[in-house]
Amino acid sequence: MKPLLGTLYLLGMLVLGGLGYDRSQAQHRQEVVDKTATPWSSLETYPYNRYHPMGEIYQWMSLISEKYPEVVTQHFLGMTYETRPMYYLKISQPSSNPKKIMWMDCGIHAREWIAPAFCQWFVREILQNYQDNSRIRRLLKNLDFYVLPVLNIDGYIYTWTTDRLWRKSRSSHNNGTCFGTDLNRNFNVSWCSIGASKDCQDLTFCGTEPVSEPETKAVSSFIESKKEDIVCFLTIHSYGQLILMPYGYTKNKPSNYKELIQVGQKAANALKAKHGTNYRVGSSVDILYATSGSSRDWARDIGIPFSYTFELRDSGKYGFVLPEAQIQATCEETMEAVLSILDDVYEKYWYSNSAGKVTSTTLVLSLLMSFRSLF
Amino acid sequence: AAAPEGPQDSAWQRDSELPHGLLQQAARAALHFFNFRAGSPSALRVLAAVQQGRAWINSKKECQVDLEFTTEHYNPEEGEERLGNCSAQVFFKNEKPRPTINVTCTRFMEKSKRQQEDYLLYKHMKQLKDPLDVISIPDSHGHIDPSLRPIWDLAFLGSSYVMWEKTTQFLHYYMAQLSSVKQWKTDEDAIDFDYTVLLHEFSTQEIISCRIHLVWHPNKPLKVKYHCQGPQAPEEASGIEEGSAAAPTTGLINY
């Protein structure tokens with residue numbers, strides 16, 4: 001029934017389009033697009049294998065939520081230092097049962113362009129396939145996806161206008177003589193204890209105090225408010241080809257370390273199966289370097305069990321300036337890794353619910369059996 | 001060849017618990033040095049994997065590493081998956097910044113092929129118009145025009161010298177971007193290449209800017225001068241070195 005309706009709808013659109021009938025909304029959208037002279041004219045032609053400036057990403061978010069209103073809503077998270085709005089997309093299949101949440105943010109470091117590219121790719125993949133793809137449909141039955149395509153908006157814009165290799169935010173310090181906090185050293189977890197600097201000149205400057213930056217505040221408060229429901233926290237970076245788990249600030253391991261390694265390794269295998277790319281899996285302090293105040297460590301410590309940092313391609317040849325020609329392959333393989341993690345998360349929380357029922361039934365049965373054996 | 005016993009001086013202690021990432025650091029330093037000494041932009045190598053290694057540490061916290069590792073071609077051809085094997089002795093000292101290196105690698109490219117590719121690159125560079133109207137390579141989107149590819153490779157070769165000097169137990173570098181390509185001329189047939197490169201130091205995440213001047217001719221010693229600015233270089237860090245492009249006749253290349 002549904003496909004038939006869909007076909008009729010499509011036919012209707014084609015006919016209307018052919019008749020030159022412009023819905024006022026579509027016309028408005030076209031005007032907006034024309035004003036900013038984007039090289040693409042509609043969402044259908046939005047090139048996911050190219051890098052996009054922030055203006056285009058804002059537009060893309062609006063278009064996405066307009067095109068998929070039944071599952072996508074755009075939400076305001078907070079303002080950046082330079083007073084730009086931060087928006088995230090919520091992808092949620094309407095249903096009566098309560099949902100858990102996967103959070104994913106990209107571009108906390110401005111120069112890591114492949115990260116926002118992946119966030120956009122992820123959203124597109126989910127939305128294009130959620131109706132036909134049983135794997136994604138299953139995930140959306142119990143999980144909502146919250147995606148923040150660019151966390152460090154001011155920094156990202158700065159890499160487009162001024163300095164391609166800028167990393168930090170654009171907050172002003174020391175009477176305007178020094179700029180930028182490393183937002184991934186600014187979270188309230190062992191703040192500035194190790195692997196971070198109190199000197200604004202440094203690229204790992206942790207800020208003036210924990211959560212001193214508006215971007216960090218916006219993300220922290222939101223995650224904090226939803227922490228009971230967030231089961232998976234992913235933060236996307238480049239480069240290095242790594243899947244990192246807590247912690248960076250200590251060699252101690254989180255309580256679910258074994259599980260995190262298992263899930264992480266499975267994800268790396270799924271990634272490698274796609275295009276042969278090798279990723280290493282381990283805790284930040286073990287395979288990368290010591291860091292404090294990172295979003296992933298903070299997320300883990302407020303109780304979010306599956307917290308990972310991804311460092312995407314490559315392993316140093318082009319580094320931050322990854323060629324656009326590699327966007328597609330990078331996103332395809334990363335998608336496999338993320339879906340693998342989500343599958344494992346799903347099976348842990350919702351497969352075991354039904355298994356739980358089985359367990360309690362078998363428990364009752366075995367109790368009955370043991371009572372019988374007493375006689 | 002690496003002495004299996006390590007340093008004979010009793011001041012050295014075998015470091016059984018290797019500091020985090022030490023073998024990788026040693027491999028990187030060895031490869032930068034190897035690339036520099038080989039002087040061949042078409043036969044550049046990158047680290048594939050560390051096989052094994054041991055380290056000795058002395059009272060001054062200086063560190064000697066013996067290791068074996070595999071390499072890949074920096075510019076692999078379509079489907080190329082050749083691995084090279086290397087063994088190296090790397091000595092990270094305190095005083096002079098550059099690590100002392102002894103490295104031997106199996107050859108993975110036919111000598112004649114390498115010479116041919118170098119010569120093609122050399123001819124190509126000579127034909128490029130100067131001054132180049134290029135701001136950065138690659139551009140912000142990661143594009144390198146195919147005609148400019150040889151510049152990137154040659155720049156990487158020159159940067160290898162700088163990265164060799166600067167790699168320590170804790171610091172390692174990648175070439176992030178060529179931020180300006182200044183003029184070159186070809187005096188006495190050599191390529192005389194003056195450029196600025198942005199190096200990314202991984203553990204501090206810093207970007208340092210280095211002005212490099214190299215003189216290159218296939219099969220002649222590579223000459224490099226450089227001057228870096230940035231947080232890693234509190235004083236002016238510069239160096240001058242001449243490499244050697246001795247044509248090895250055996251299957252092993254040793255520097």
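Data block above holds the structure.
Everything numeric here is computed off the predicted structure, so don't read it as measured data. (Residues numbered from 1 in each chain as written. Chains lettered and ligands numbered in written order. Predicted model: local features only at pLDDT ≥ 70, side-chain atom pairs only at ≥ 80, totals over all residues. Heavy atoms only, no water.)

1. Brief notes about the overall build of chain B
Looking only at helices and strands, one finds three helices and eleven strands in chain B. When the elements of chain B are put in sequence order from the N terminus, they spell out β-α-β-β-β-β-α-α-β-β-β-β-β-β. The buried share of chain B, reckoned over its 255 residues, is 52%. Put simply, 62% of the contacts in chain B that link residues at least 6 apart link residues at least 24 apart. (Helix = DSSP H or I, 4+ residues; strand = E, 2+ residues; numbered from the N terminus. Buried < 20%, exposed > 50% of the residue type's maximum accessible area, 1.4 Å probe, protein only. Contact = heavy atoms within 4.5 Å.)

2. Considering the overall build of chain A
The secondary structure content of chain A amounts to eleven helices and ten strands. In chain A, which comprises 375 residues, the proportion classed as buried is 54%. Across chain A, the fraction of contacts at a sequence separation of at least 24, relative to all contacts at a separation of at least 6, is 72%. When the accessible surface of chain A is totalled, it reaches about 16500 Å², and 55% of it is carbon and sulfur. (Areas by Shrake-Rupley, 256 points an atom, 1.4 Å probe, with all protein chains shown as cover.)

3. With respect to the interface of chain B and chain A
Every contact between the two is made by 24 residues of chain B and, on the other side, 26 residues of chain A. Note on chain B versus chain A: buried area summed over both sides is about 2000 Å², and carbon and sulfur give 54% of it. Among the residues of chain B in contact with chain A, His20, His141 and Gln205 of chain B are the three that bury the most area, contributing 28% of the side total. Counting across the chain B and chain A interface gives zero salt bridges. Across the chain B-chain A interface, the total number found is eleven residue pairs in polar contact (both at pLDDT 80 or more). Within the residue set of the side of chain B that touches chain A, elements represented by two or more residues are helix 3 (149-166), strand 6 (173-185) and strand 7 (191-201) of chain B. Per-element tally for the side of chain B that touches chain A: the top contributor is strand 6 of chain B, with four residues. Considered class by class, the residues forming the side of chain B that touches chain A number ten nonpolar, eleven polar and three charged. (Buried area = accessible area lost by both parts, 1.4 Å probe. Salt bridge = Lys/Arg side-chain N within 4 Å of Asp/Glu carboxyl O. Polar contact = N/O pair within 3.5 Å; in protein donor to acceptor, adjacent residues only side chain to side chain. Nonpolar A, V, L, I, M, F, W, Y, C, P; charged D, E, K, R; others polar.)

4. Remarks on the state of the cysteines
Summed over all chains, the structure comprises five disulfides over all chains. The disulfide bridge from cysteine 106 of chain A ends at cysteine 119 of chain A, spanning 2.0 Å between sulfur atoms. An S-S torsion of about 85° defines the bridge between cysteine 106 of chain A and cysteine 119 of chain A as right-handed. Of the two residues, cysteine 106 of chain A is situated in strand 3 (residues 100-106) and cysteine 119 of chain A in helix 4 (residues 114-129); the sequence distance between them amounts to 13 residues. As far as burial versus exposure is concerned, cysteine 106 of chain A and cysteine 119 of chain A are alike and both buried. Shown here is the disulfide that connects cysteine 210 of chain B with cysteine 228 of chain B, its sulfur atoms set 2.0 Å apart. Taking the sign of the torsion about the S-S bond as the criterion, the disulfide between cysteine 210 of chain B and cysteine 228 of chain B, at about 105°, is right-handed. Of this pair, cysteine 210 of chain B sits in strand 8 (residues 207-216) while cysteine 228 of chain B sits in strand 9 (residues 223-229); the two residues are 18 residues apart in sequence, bridging distant segments of the chain. Comparing cysteine 210 of chain B with cysteine 228 of chain B shows no difference in burial state: the two are buried. Sequential numbering of the bridged cysteines in chain B gives the disulfide pattern 1-2, 3-4. Here the disulfide map of chain A reads 1-2, 3-5, 4-6, the bonded cysteines being numbered as they appear in the sequence. Cysteine 119 of chain A provides the cysteine sulfur closest to cysteine 232 of chain A, a residue in no disulfide bond, and the two sulfurs are 12 Å apart. (Disulfide = S-S within 2.5 Å.)

5. Observations regarding the packing of aromatic side chains
Residue and element names in this part refer to chain A. Within this structure, the stated rule accounts for 37 aromatic pairs over all chains. Between tyrosine 349 and tryptophan 350 the ring centres are 5.9 Å apart and the planes differ by 55°, which places this aromatic pair in the tilted class. Positioned over the ring face of tyrosine 48 is arginine 124, at 4.4 Å from the centre of the ring. A cation over a ring is seen here: lysine 348 above tyrosine 349, with NZ or CZ 5.9 Å from the ring centre. (Phe/Tyr/Trp six-rings, centres within 6.5 Å; stacked < 30°, edge-to-face > 60°. Lys NZ or Arg CZ within 6 Å of the ring centre and 35° of its normal.)

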